[in-house]
Amino acid sequence: MSILKSEIFDTYEMTIGVECHVQLATKTKLFSPADNDARDADPNSKVHPIDFGLPGMLPVLNRHAVDLAIRAGKALNAEIANISRFDRKHYFYPDLPKGYQTTQMYQPIILAGYVEAPLEDGSSVRVRVHHAHMEEDAGKLTHFGGYSLVDLNRAGTPLIEIVSEPDIHSAAEARAYATELHRLMTYAGVTHGDLYHGNMRFDVNVSVAKKGAAELGKRAEVKNLNSFRSVERAAEYEFRRQVELLESGERVVQETRGWSDDSGMTTSQRSKEDAQDYRYMPDADIPPIVLTDEEIAEIQADMPMLPGEFRDTLRGAGLDFAMTETALAITDAKVRDFLVEIAAATNGEVRRRILNWLVIDVQGKVSAGDDTWEGKQLLPDHIVQLAEMAEKNEISSNSAVTVLFEMLSSGDAPRMIAEAKNLLQVSDENAIGEIVDAVMAHEASAASIADIKAGKDKAIGYLVGQVMKQSQGKANPALAQKLIRERL
Amino acid sequence: MSQTITDIIASIQAGQTSARAEVETALAKAREHESYHALLHLTEERALQRADEIDARLKAGEKVGELAGVPFVVKDNFLAFGAPTTAASKLLENFDAPVQATVVEKLEAAGAICIGKSNLDAFAHGGSTENSAYGVTHNAFDTTRVAGGSSGGSAVVTALDIVPFALGSDTGGSIRQPASFNGIFGYKPTYGMVSRYGVVAMASSTDCMGCFARTADDVARVMAIMAGQDDKDMTTLPNYFVPTAPSKINAKIGVIKETMGDGVDDDVRHATEQYIASLRAAGHTVDEVSMPTLPLALAMYYIIVPAEVSSNLARYDGIRYGRRASGVQTLAELYGRSRDEGFVTENKRRIMIGSYVLSSGFFDAYYQQAQKARTLLMGEFSGLFNEYDFLLSPTAPTVAFGIGENTSDPVKMYLSDVMTVPPSLAGLPAISVPAGENAAGLPIGVQLIGPMKSDAALIALSGSMEVHRG
């Protein structure tokens, strides 16, 4: 679309703030006993009279949602308010059964914090969090030609909305922030993090201004982005759109825009002039959430390792950036804990081997959808044994991987598996010596022997290969080489 | 001959009557007094069925509840089975409740039998029951006068001895003022003593569920069943209500000066003074006290309550249940027309006021200011309760006014709540006690107010005066 030279874009800077809605992993809804998991459910089958907005119904706050918000607060490096309250945000829409959304306008539960989001060049961007508040989700409308259908399954689903400061200045940073938020919230057990089902949704506020300008430009808000890639693409698109508007002497309008993954474009939905007056007021049906420092500490004490610490641990254990980020994609906290345990308990080549196995071999398959961590037997003694066997050449590297997968699924000891599968390398000098003798006596080997004697040392590879072949891969190749040399 | 709850229970236990006979009698009286238009629906079929069940259990010697066989009436904004729950509005004309209010469930569990649903100002907005979409209820003492409101129907069925007690909701006086107008006891508990679950919400921060009865003892009996924490209403308190016998200990009572001056009818002031004299005669100490912010209470109330009303009525949009306008083209038209057809003028007035005071730019100027003033008012109450056991005022500045007399002037109508609104804003328990009649035979009530959770002592004090006046 661009008619401008890249040098012109280079004179502008974008400023981005992100609002992220995170669906909490509770069993029931925020204010009702209805099932919170409506995936694949029939429309309006997960709706309690409270969610339906029947007369006389009153909200009953789900304490589990409060606990999850407290965990989210720790993940965001934020203080938890000792007193927080719920408010009502009013507007009429058929997906909003009570005519108001219960949210926290004035006294949110999560106060200021920050997220340190890693970038691909190994640096990171620190994005401050203004606050995060609890609220309920609305239902869903499906529009047809002349009518619309209302599904209230999602109405009343607990959310936290994380509001960032405008600390983001590139599309890549926006993506990094969104990705790190997702990791933080899933590691902390706050959400299932299923992006396909909208468990996390991002609203991205983008403004542009000349680099060094004192004031920010007018911002446009792109709503309801549900993937990291769409966050990045929408930010990039908005940057270029707004720069082009300004360069052609037009103004950026403060408005809400929608994003289409298919067209790769944002389109105007609602301008600020149409902004509604939500008539916020305190919700008198819900007493304040009062939390002591002790309660908060107790809930936060029982949390898995967060991505920042996990990342530092793996880098400290010698993993490079790419491998570390691959490891961070492991969604199962037990597996991550296992990696941390291995990193702490081992060192040198054994540690390197094990981390490579788990991150490259196993997680590689898992992320490709060819395997799952579920049911894997993570026994530190076994995996260390296997690594030591490989280190001592008792088993070849390839065979070790075969044993690894067998071991992870059966829980059997590696030596037992290797023996059963006949994968142990033969290190018996007499046994290998006999094979070496036979290989060297074979007429096909004469040329290679001559080459070696003539100083072409590489030719020994053929002889070793033949020994391995004769031994069906079980010969210790180093020993085989040693014995060949002795006989030359 | 007027029968109390105590009388009915004794007769049933002694086998002199049955639950069915009591229910049939109540239904017959209700039909006999149909012209008062106190009831919107009878729940005859369900009531008789429940009466037969109770009689069968009595016959079998099984245990029955404390109120077994006692008929009662609920205000039609309580969700209850057996008839639609309309809140006296066209919006909910055919609304059949899928669940019952917690207090209805509790009373049924105690064996009480609901025989009908009483008229009210639509959505409990009003002080005369003239705002009902189904016609006005007439005063039990003078049919040309109003019943008071908004729980006018429940007051009149109790005053006419159709049932020994009836339920009401009280947001700013909706139990106490009609009790005063009909010469019976009307009780509003401490905010949080009784569950609000299953009652069509008016103003969440002041709505209280209470009752009408003809004796203080009956009030206590009913409240003992209704009281208690409800896991469906987060604002309820752990149960603390234990009915007590009238105290012999002399109480220190403060008469709120600001409620005895201009704007109060001479008849009412005179009856209140007489009541004070009898309190003194009974050995209580009565002083005049002052509450300087009290004259502002009505202004606070008519900001805070409409704000909450506008919010609580937002759910009536014609989408999921209730009245939906036909022949509409757009969503805005569907909302507008459904709500226009479903709400009465007073509902719309309060929604407009409430939306206005919550609007951006006005929230701080009105709503927040009113909440600050409310805090001051609460402070004045608690200051006085450091010195006094109870406070006293007339329940209403006038006796029941004529039907149609105040309908054209909403401010004049609102003034009828001037005495009852302050305890509502502060969440305090208050009771309207019958305190005689004017020359024309129209009843006058006196309001006794207690500190938070003083409900049992407050009801006992009102009962002791009943005894004293003999």
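Computed from a predicted structure; not experimentally measured.

Conventions we followed
- Residues numbered from 1 in each chain as written.
- Chains lettered and ligands numbered in written order.
- Predicted model: local features only at pLDDT ≥ 70, side-chain atom pairs only at ≥ 80, totals over all residues.
- Heavy atoms only, no water.
- Helix = DSSP H or I, 4+ residues; strand = E, 2+ residues; numbered from the N terminus.
- Buried < 20%, exposed > 50% of the residue type's maximum accessible area, 1.4 Å probe, protein only.
- Contact = heavy atoms within 4.5 Å.
- Areas by Shrake-Rupley, 256 points an atom, 1.4 Å probe, with all protein chains shown as cover.
- Lys, Arg positive; Asp, Glu negative; His and termini not counted.
- Charge placed at Lys NZ, Arg CZ, Asp CG, Glu CD.
- Core = buried A, V, L, I, M, F, W, Y, C linked by side-chain atoms within 4.5 Å.
- Domains from an automatic or database assignment.
- Axes fitted to C-alpha atoms, helices over the stretch in contact; angles between N-to-C directions.
- Parallel < 35°, antiparallel > 145°, perpendicular 65-115°, else oblique.
- Left-handed = near helix turned anticlockwise from the far one by under 90°.
- Nonpolar A, V, L, I, M, F, W, Y, C, P; charged D, E, K, R; others polar.
- Pairing = 2+ DSSP bridges.
- Phe/Tyr/Trp six-rings, centres within 6.5 Å; stacked < 30°, edge-to-face > 60°.
- Lys NZ or Arg CZ within 6 Å of the ring centre and 35° of its normal.
- Polar contact = N/O pair within 3.5 Å; in protein donor to acceptor, adjacent residues only side chain to side chain.
- Buried area = accessible area lost by both parts, 1.4 Å probe.
- Salt bridge = Lys/Arg side-chain N within 4 Å of Asp/Glu carboxyl O.
- pLDDT = per-residue confidence, 0-100.

## A look at the overall build of chain B
Assigned secondary structure in chain B consists of 15 helices and 11 strands. When its C-alpha atoms are laid out on the principal axes, chain B stretches across 65 × 55 × 45 Å. Within chain B, buried positions represent 63% of all 470 residues. Across chain B, contacts joining residues at least 24 apart in sequence account for 75% of those joining residues at least 6 apart. For chain B, the accessible area works out to roughly 16,400 Å², and carbon and sulfur atoms hold 52% of it. Of the charged side chains in chain B, 38 are positive and 52 negative, and the gap between their average positions amounts to 4 Å.

## Side note on the nonpolar core
Of all hydrophobic cores here, the largest spans 166 residues; its most connected members are A:Ile160, A:Ile162 and A:Met185. For this core, the element with the most residues is helix α9 (residues 297-312) of chain B, which contributes 10 residues. Both domain 1 (6-294) and domain 2 (307-420) of chain A contribute no fewer than three residues apiece to this core. Aside from chain neighbours lying at most four places away, what touches A:Ile162 is A:Val18, A:Glu19, A:Cys20, A:Val22, A:Leu76, A:Val129, A:His131, A:Ala132, A:Tyr177, A:Leu181 and A:Met185. B:Val74, B:Cys114, B:Val194 and B:Ile459 belong to the second-largest nonpolar core, a separate cluster that totals 56 residues.

## A look at the domain arrangement of chain A
Taken domain by domain, chain A comprises domain 1 (6-294), domain 2 (307-420) and domain 3 (429-487). Using C-alpha coordinates to define each centre, domain 1 of chain A is positioned 67 Å away from domain 3 of chain A.

## Remarks on the packing of α9(B) against helix α12 (residues 363-387) of chain B
Residue and element names in this part refer to chain B. Two numbers describe how α9 lies on α12: the axes approach to 9 Å, and their chain directions differ by 130°. Classified by the angle between their axes, α9 and α12 sit oblique to one another. As α9 packs across α12, the resulting crossing turns out to be left-handed. On α12, the residues touching Ala297, Met300, Ile303, Ile304 and Ala307 of α9 are Tyr366, Tyr367, Ala370, Gln371, Ala373, Arg374 and Leu377. Of the residues contributing to the contact of α9 with α12, the split by class is 10 nonpolar, 1 polar and 1 charged.

## Digging into the pairing of strand β6 (residues 208-213) of chain B
Residue and element names in this part refer to chain B. Counting buried positions along β6 yields 6 of 6 residues, so the element is predominantly enclosed. Burial along β6 is two-sided: the face carrying Cys208, Gly210 and Phe212 and the face carrying Met209, Cys211 and Ala213 are both buried. Of the pairings in the sheet, the one linking strand β5 (residues 185-188) to β6 comprises 3 bridges and is antiparallel in character. Of the residues in β6, the one forming a bridge with Phe185 is Ala213.

## Topic: the sheet that holds strand β1 (residues 39-42) of chain B
Residues and elements named next belong to chain B. If you trace the 11 strands from one edge of the open sheet to the other, you get β1-β3-β2-β4-β6-β5-β10-β11-β9-β7-β8, paired in mixed fashion. Across the chains shown, the open sheet's two edge strands, defined by having one partner strand only, are β1 and β8 (285-289). Looking at each pair of strands side by side, their axes are set apart by 30° on average, direction ignored. Looking at chain direction, strand β2 (residues 71-75) and strand β4 (residues 165-170) are connected through 3 bridges and run parallel. The residue of β4 that forms the bridge with Phe72 is Phe165. Docked against the sheet, helix α2 (residues 19-32) engages β1, β2 and β3 (113-118), running at close to 15° with respect to β3. Running over the sheet, helix α5 (residues 152-159) touches β1, β2, β3, β4 and β6 and is turned about 155° from β4.

## A short note on the environment of B:Gly441
Position of B:Gly441 relative to the elements: it lies in the loop between β10 (430-437) and β11 (443-449). Counting along the chain gives 42 residues from B:Gly441 to B:Val399, while the straight-line C-alpha distance between them is 10.0 Å.

## Topic: the packing of aromatic side chains
Taken as a whole and assessed by the stated rule, the structure comprises 24 aromatic pairs over all chains. Geometrically, the ring pair formed by B:Phe181 and B:Phe401 is edge-to-face, given 5.8 Å between the ring centres and 85° between the ring planes. Placement of the pair is B:Phe181 in helix α6 (residues 176-182) and B:Phe401 in the loop between β9 (390-394) and α13 (410-415), with a sequence separation of 220 residues. Here the aromatic cluster, defined as three or more aromatic residues joined through ring pairs, consists of A:Phe52, B:Phe95, B:Phe123, B:Tyr316, B:Tyr321 and B:Phe343. Across from the ring centre of A:Tyr114, 3.8 Å away, lies the NZ or CZ of A:Arg126, which sits over that ring. Lying across the ring of B:Tyr388, B:Lys252 places its NZ or CZ 4.8 Å from the centre.

## Some details on the side chain of B:Ser128
Residues and elements named next belong to chain B. Structurally, Ser128 is set in the loop between β3 and α5. Of the polar contacts made by the side chain of Ser128, one reaches the side chain of Glu130; its length is 2.6 Å. Dropping the residues within four chain positions of it, Ser128 is found in contact with Asp121, Val136, Val146, Ala147, Gly148, Gly149, Phe401 and Met413.

## What about the interface of chain B and chain A?
Taken together, the 38 residues of chain B in the interface contact 31 residues of chain A. When chain B packs against chain A, the two sides together hide about 2,900 Å² of surface, and 64% of this comes from carbon and sulfur. The three residues of chain B that bury the most area against chain A are B:Met234, B:Arg315 and B:Arg320, which together make up 25% of that side's buried surface. Between the two partners, chain B and chain A, sit 1 salt bridge. Residue B:Arg196 is joined to A:Asp285 by a salt bridge in which the shortest nitrogen-to-oxygen separation is 2.9 Å. Summed over the shared surface of chain B and chain A, the number is 13 residue pairs in polar contact (both at pLDDT 80 or more). Listing elements by their share of the side of chain B that touches chain A, those giving two or more residues are α9, α10 (331-342), α11 (345-358) and α12 of chain B. Looking at the side of chain B that touches chain A element by element, the count peaks at 4 residues for α9(B). The residue makeup of the side of chain B that touches chain A, split by class, is 21 nonpolar, 9 polar and 8 charged.

## Structural notes on the pattern of salt bridges
Residues and elements named next belong to chain A. Evaluation of the coordinates by the stated rule reveals 58 salt bridges over all chains. When the shortest N-O distance is used, the salt bridge between Arg201 and Asp137 registers 3.1 Å. Of the two residues, Arg201 is situated in strand β10 (residues 200-210) and Asp137 in the loop between β6 (124-136) and β7 (140-143); the sequence distance between them amounts to 64 residues. Take Arg201 and Asp137: they sit in the same class, and that class is buried.

## Remarks on unusual backbone geometry
A cis amide bond links B:Gly149 to the next residue, B:Ser150, at an omega of 15°. Looking at where B:Ser150 falls in the secondary structure, it is placed in the loop between β3 and α5. In the Ramachandran plot, A:Asp40 falls in the positive-phi region, its phi being about 60° despite a non-glycine side chain. Relative to the helices and strands, A:Asp40 resides in the loop between β1 (12-23) and α2 (49-52). Positive phi, close to 60°, is recorded for B:Thr129, a residue that is not glycine. Within the secondary structure, B:Thr129 is located in the loop between β3 and α5.

## Brief notes about the confidence of the model for chain B
Model confidence for chain B is summarised by a mean pLDDT of 95, while 98% of its residues fall at 70 or above. Scored as a whole, the predicted complex attains pTM 0.91, and scored at its interfaces, ipTM 0.96.

## Some remarks on the sheet that holds strand β14 (residues 281-282) of chain A
Residue and element names in this part refer to chain A. The strand order across the open sheet built from 3 strands is β4-β3-β14, with neighbouring strands paired in antiparallel fashion. In the strand order of this sheet, the two ends are held by β4 (100-103) and β14, each with one partner. Pairing analysis gives 4 bridges linking strand β3 (residues 87-90) to β4, with the strands arranged antiparallel. Paired with His90 across the bridge in β4 is Tyr100.

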